[in-house]
Amino acid sequence: SQHRWTGAVTRMDYSYEMRAAVAVMSSGRCALLRISGGDTEESGDTDTNVAERLRLDRWLGDGDAACAALSPAPSSRTVAVGASNGVVRLYRVDFEGDTSSVDAPPTLLRTLSL
């Protein structure tokens, strides 16, 4: 299937330790990105090289994202996606193997209504 970035990136969070980033689009879509390739420490990546290797892993949420953040504790592998209606969805993200998981559903851990 074809996946398009709709609108501008309005928010972005990056975690070197998780080797991932999340980007919230003006359309409300939220993209989980990962750094493709080998270990960043072994390859001596610069910020430019890391940016060039970011790849779409999957879409998160219901298309109503207003903000998103990666966990400050990389071992938890958690992403929080805040919706425009006050709902926060917590997802667990695992990057197993080198194949893209764009069509794989994310693992929803919990939904909070604020």
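Please read these numbers as outputs of a predicted model, since none were measured by experiment. (Residues numbered from 1 in each chain as written. Predicted model: local features only at pLDDT ≥ 70, side-chain atom pairs only at ≥ 80, totals over all residues. Heavy atoms only, no water.)

Chemist: Help me out: how do you make sense of the sheet that holds strand 6 (residues 78–83) in this one?
Modeler: Where strands meet in a sheet, backbone hydrogen bonds hold them as pairs that are either parallel or antiparallel. Read across the sheet, 4 strands follow the order 5-6-7-8 without closing on themselves; strand pairing throughout is antiparallel. Each edge of the sheet is formed by a strand with only one pairing partner; in this case those strands are strand 5 (65–70) and strand 8 (107–113). Across the sheet, the axes of successive neighbouring strands diverge by a mean angle of 20°, strand direction being ignored. Relative to strand 7 (residues 87–92), strand 6 runs antiparallel, the two being bridged by 5 bridges. Pairing of A80 across the sheet is with L90, part of strand 7. (Pairing = 2+ DSSP bridges. Helix = DSSP H or I, 4+ residues; strand = E, 2+ residues; numbered from the N terminus. Axes fitted to C-alpha atoms, helices over the stretch in contact; angles between N-to-C directions.)

Chemist: Explanation requested: the packing of aromatic side chains in the structure shown.
Modeler: The geometry of an aromatic ring pair comes down to the distance between the two centres and the angle between the two planes. This structure, assessed with the given rule, holds 0 aromatic pairs. In this arrangement the basic side chain of R29 is found over the ring face of W59, its NZ or CZ atom lying 3.7 Å from the centre. (Phe/Tyr/Trp six-rings, centres within 6.5 Å; stacked < 30°, edge-to-face > 60°. Lys NZ or Arg CZ within 6 Å of the ring centre and 35° of its normal.)

Chemist: Explanation requested: unusual backbone geometry in the structure shown.
Modeler: Backbone geometry follows two general trends: most residues other than glycine have a negative phi, and most peptide bonds adopt the trans configuration. Even without a glycine there, the phi angle at R19 is positive, about 55°. Structurally, R19 can be placed in the loop between strand 1 (9–15) and strand 2 (20–25). Using a relative accessible area of 19% as the deciding quantity, one classes R19 as buried. One non-glycine residue, R77, lies in the positive phi region at around 50°. Within the secondary structure, R77 is located in the loop between strand 5 and strand 6. On the basis of relative accessibility, which here comes to 18%, the residue R77 falls in the buried class. (Buried < 20%, exposed > 50% of the residue type's maximum accessible area, 1.4 Å probe, protein only.)

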